[in-house]
Amino acid sequence: MQEDRTSHTEERPQPATDEMRPARLVICDDHQLVGEGLAQLVQPPHVLAAVTGSGTELLEALRSTPSDCLLLDLQMPGRNGLDLLPDLRRLRPDLKVIIVTMHANRVLASACLMAGAHGFVPNNARREELLTAIAAVMEGTAVRPVATLPQPSQPRGRGPLTG
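Let us look at the structure shown here.

Conventions and cut-offs
- Residues numbered from 1 in each chain as written.
- Predicted model: local features only at pLDDT ≥ 70, side-chain atom pairs only at ≥ 80, totals over all residues.
- Heavy atoms only, no water.
- Helix = DSSP H or I, 4+ residues; strand = E, 2+ residues; numbered from the N terminus.
- Buried < 20%, exposed > 50% of the residue type's maximum accessible area, 1.4 Å probe, protein only.
- Contact = heavy atoms within 4.5 Å.
- Areas by Shrake-Rupley, 256 points an atom, 1.4 Å probe, with all protein chains shown as cover.
- Salt bridge = Lys/Arg side-chain N within 4 Å of Asp/Glu carboxyl O.
- Expected span 1.5 Å × (residues − 1).
- Arc of directions from axis to C-beta.

With that settled, the discussion passes to the overall build of the protein. Counting secondary structure elements, the protein contains five helices and seven strands. Taken from the N to the C terminus, the helices and strands of the protein come in the order β-β-α-β-α-β-α-β-α-β-α-β. A total of 163 residues make up the protein; the buried ones form 47% of that total. Taking all contacts inside the protein whose residues are at least 6 apart in sequence as the whole, residues at least 24 apart take part in 70%. Carbon and sulfur atoms provide 52% of the accessible area of the protein, an area that totals close to 8,800 Å².

Encoded structure:
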């Protein structure tokens, strides 16, 4: 039996269509291949505004780059994505933030959403799931992870981002 790994939303929006204005996306991932791969997956229907490789580059780009939505990695050198969320909320309260990460578990997803992310999509999601998540957050709907996300396998406080 195949596990359902889709992201559930409060409402079920369809992926972006020709009638919907394309989102101007910023991607932040410290792995160049992942950032460029995400860029290829979202174009079209969306427009790429910038690809950055660190929190510092991201904050600089957001000061000067018109954008609607950010696809943000969690584990990066320096400041991780979770640490960046409060600064992102202050700098660009209008920006929709979707966490895209390989570290997908319920506790981490909840922490990201509580810290201000609008969505959480595991790296193993399909293209259609990512496009649906972008469409949902652009319409004002939070994208919540499925209940089947695993519980963390490490003791609290010793996860991939904390220790």
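Let us keep going from here.
Under the counting rule described, the total for this entry stands at six salt bridges. One salt bridge connects Asp68 with Arg21, and the closest N-O pair in it is separated by 3.2 Å. Taken together, the residues Asp68 in the loop between α2 (55-64) and β4 (69-72) and Arg21 in the loop between β1 (8-9) and β2 (24-28) connect sequence positions 47 residues apart. With a relative accessible area of 10%, Asp68 lands in the buried category. As a salt-bridge pair, Arg24 and Asp68 come within 2.8 Å of each other at their nearest N and O atoms. With a gap of 44 residues between them, Arg24 in strand β2 and Asp68 in the loop between α2 and β4 connect regions that are remote in the sequence.

Once that is clear, we can look at helix α5 (residues 127-138). Taking 1.5 Å of rise per residue, the twelve residues of α5 would be expected to cover 16 Å, and the 17 Å separating its terminal C-alpha atoms lies within 8% of that figure. Most of α5 is tucked away: nine of the twelve residues are buried. Where α5 is concerned, the buried positions are Glu129, Leu130, Leu131, Thr132, Ala133, Ile134, Ala135, Ala136 and Val137.

With that settled, consider α2. When we look at burial in α2, the residues that qualify are Gly55, Leu58, Leu59, Ala61 and Leu62. Angularly, the buried residues of α2 cover 165 degrees about the axis, an arc narrow enough to put them on a single face. Of the residues in α2, the exposed ones pointing more than 90 degrees away from the buried face are Thr56, Glu60, Arg63 and Ser64.

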